[in-house]
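As a plain string of letters, each chain reads:
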Amino acid sequence: MIYAPNFIIQEFVPKSIYEALGEGSTKLMDERIIILSQLFRTRYGKITINSWHNGGQYKESGLRLPETTTGAKYSQHKYGRAVDLKFEDHTIQEVYSDVIKNTKLFHEKGLRVLEDIAFTKTWLHIDCRFTGRDNEIIIVQP
């Protein structure tokens, strides 16, 4: 997998995609979102994206199938450019504040958009879509 030694591909993709493509599922993910996820795990400890592979409830927090009704019609999740992170050792507010305080570091690794945590109180949505903004992270409402 693209440099992410603390992840397995199942954390990024739904079960049906993994069953069809196995390790080849990485070709459906933007490498920047995998690199960003590794940065978040390294910096903040245990995080969960998808957990279906170990009996958990999360199955659409990474790549989403085009036909899903979860999220927006043209969600960045459907293009492999977004993940929703759930943290075990930190609150969403702590992580969000740290990201804002260290915008340059996160932007250099590809982070372009955060969803406003006023609307996503139990997870942090990050994505690496093209925004045309060179040095800022955009905060959006879901």
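Before reading on, note that the structure itself is shown above.
Just so it is clear, the structure is predicted and the values come from calculations on it, not from any experiment.

Asker: Lay out the layout of surface pockets with the relevant residues and their values.
Answerer: Taken as a whole, the largest pocket spans an internal volume of roughly 280 Å³. Lining the largest pocket are 20 residues, and of these Ala72, Ser75, Glu115, His125 and Pro142 sit closest to its centre. Residue composition of the lining of the largest pocket, by class: seven nonpolar, eight polar and five charged.

Asker: Give me the packing of aromatic side chains: which residues, what numbers.
Answerer: Inspection of the entire model under this criterion finds six aromatic pairs. With a centroid separation of 6.4 Å and an interplanar angle of 50 degrees, the aromatic rings of tyrosine 18 and tryptophan 52 are classed as tilted. Remark: tryptophan 52 occurs in the loop between strand S1 (47-48) and strand S2 (82-87) and tyrosine 18 occurs in helix H1 (residues 15-21); sequence separation between them is 34 residues. What makes tyrosine 18 partly exposed here is its relative accessible area of 22%. Assessed through its relative accessible area of 18%, tryptophan 52 is described here as buried. Both rings, one in tyrosine 44 and one in phenylalanine 87, keep their centres 5.8 Å apart while their planes meet at 85 degrees; by these two values the pair is edge-to-face.

Asker: An account of helix H2 (residues 31-44) is requested, with residue identities and associated values reported.
Answerer: An α-helical segment advances 3.6 residues per turn. Residues three or four places apart therefore align on the same side. Helix length check: H2, at 14 residues, gives a terminal C-alpha distance of 20 Å against a target of 20 Å (1.5 Å per residue), a fit within 8%. Within H2, burial applies to Ile33, Ile34, Leu36, Ser37, Gln38, Leu39, Phe40, Arg41 and Tyr44. Turning to H2, the residues buried within the fold contact S1, S2, helix H3 (92-101), helix H4 (103-108) and strand S4 (124-127). At the exit of H2 stands glycine 45, carrying a positive phi of roughly 85 degrees.

Asker: Quick one: what's the story with the packing of H2 against H3, residue by residue and with numbers?
Answerer: How two helices pack is summed up by the angle between their axes together with the distance between the axes. Across the interface, H2 lies against H3 with an axial gap of 12 Å and an inter-helix angle of 115 degrees. As the angle between them shows, H2 and H3 are arranged roughly perpendicular. Two packed elements cross with a definite hand, and for H2 against H3 that hand is right-handed. Between H2 and H3, the contacting residues are Phe40, Arg43 and Tyr44 on the first element and Val95, Asp98 and Val99 on the second.

Asker: Summarise the side chain of arginine 64; cite the residues concerned and give the values.
Answerer: With respect to the helices and strands, the residue arginine 64 is situated in the loop between S1 and S2. By relative accessible area, which is 9% here, arginine 64 ends up buried. Among the polar contacts listed, one links the side chain of arginine 64 to the side chain of aspartate 84, at a separation of 3.2 Å. Those residues in contact with arginine 64 that sit more than four places away from it in its chain are Thr70, Gly71, Ser75, His77, Lys78 and Asp84.

Asker: Describe in detail the side chain of histidine 77, supporting the description with residues and values.
Answerer: Along the chain, histidine 77 falls in the loop between S1 and S2. In terms of polar contacts, histidine 77 uses its side chain to reach the backbone carbonyl oxygen of glycine 62, at 2.8 Å. If sequence neighbours within four positions are ignored, histidine 77 has contacts with Glu60, Ser61, Gly62, Leu63, Arg64, Ala82, Val83, Asp84 and His125.

Asker: Could you give an account of the pairing of S2, with specific residues and numbers?
Answerer: Burial analysis of S2 places six of its six residues in the buried class, which makes it a mostly covered element. The two faces of S2 match: Ala82, Asp84 and Lys86 on one face and Val83, Leu85 and Phe87 on the other face are all buried.

Calculation rules
Residues numbered from 1 in each chain as written. Predicted model: local features only at pLDDT ≥ 70, side-chain atom pairs only at ≥ 80, totals over all residues. Heavy atoms only, no water. 1 Å grid on protein atoms, 1.4 Å probe; cavity = no way out; pocket = protein on both sides within 12 Å on 5 of 7 lines; lining within 4 Å. Points joined across faces, edges and corners; volume = space filled by probe spheres on them. Nonpolar A, V, L, I, M, F, W, Y, C, P; charged D, E, K, R; others polar. Phe/Tyr/Trp six-rings, centres within 6.5 Å; stacked < 30°, edge-to-face > 60°. Helix = DSSP H or I, 4+ residues; strand = E, 2+ residues; numbered from the N terminus. Buried < 20%, exposed > 50% of the residue type's maximum accessible area, 1.4 Å probe, protein only. Expected span 1.5 Å × (residues − 1). Contact = heavy atoms within 4.5 Å. Axes fitted to C-alpha atoms, helices over the stretch in contact; angles between N-to-C directions. Parallel < 35°, antiparallel > 145°, perpendicular 65-115°, else oblique. Left-handed = near helix turned anticlockwise from the far one by under 90°. Polar contact = N/O pair within 3.5 Å; in protein donor to acceptor, adjacent residues only side chain to side chain.

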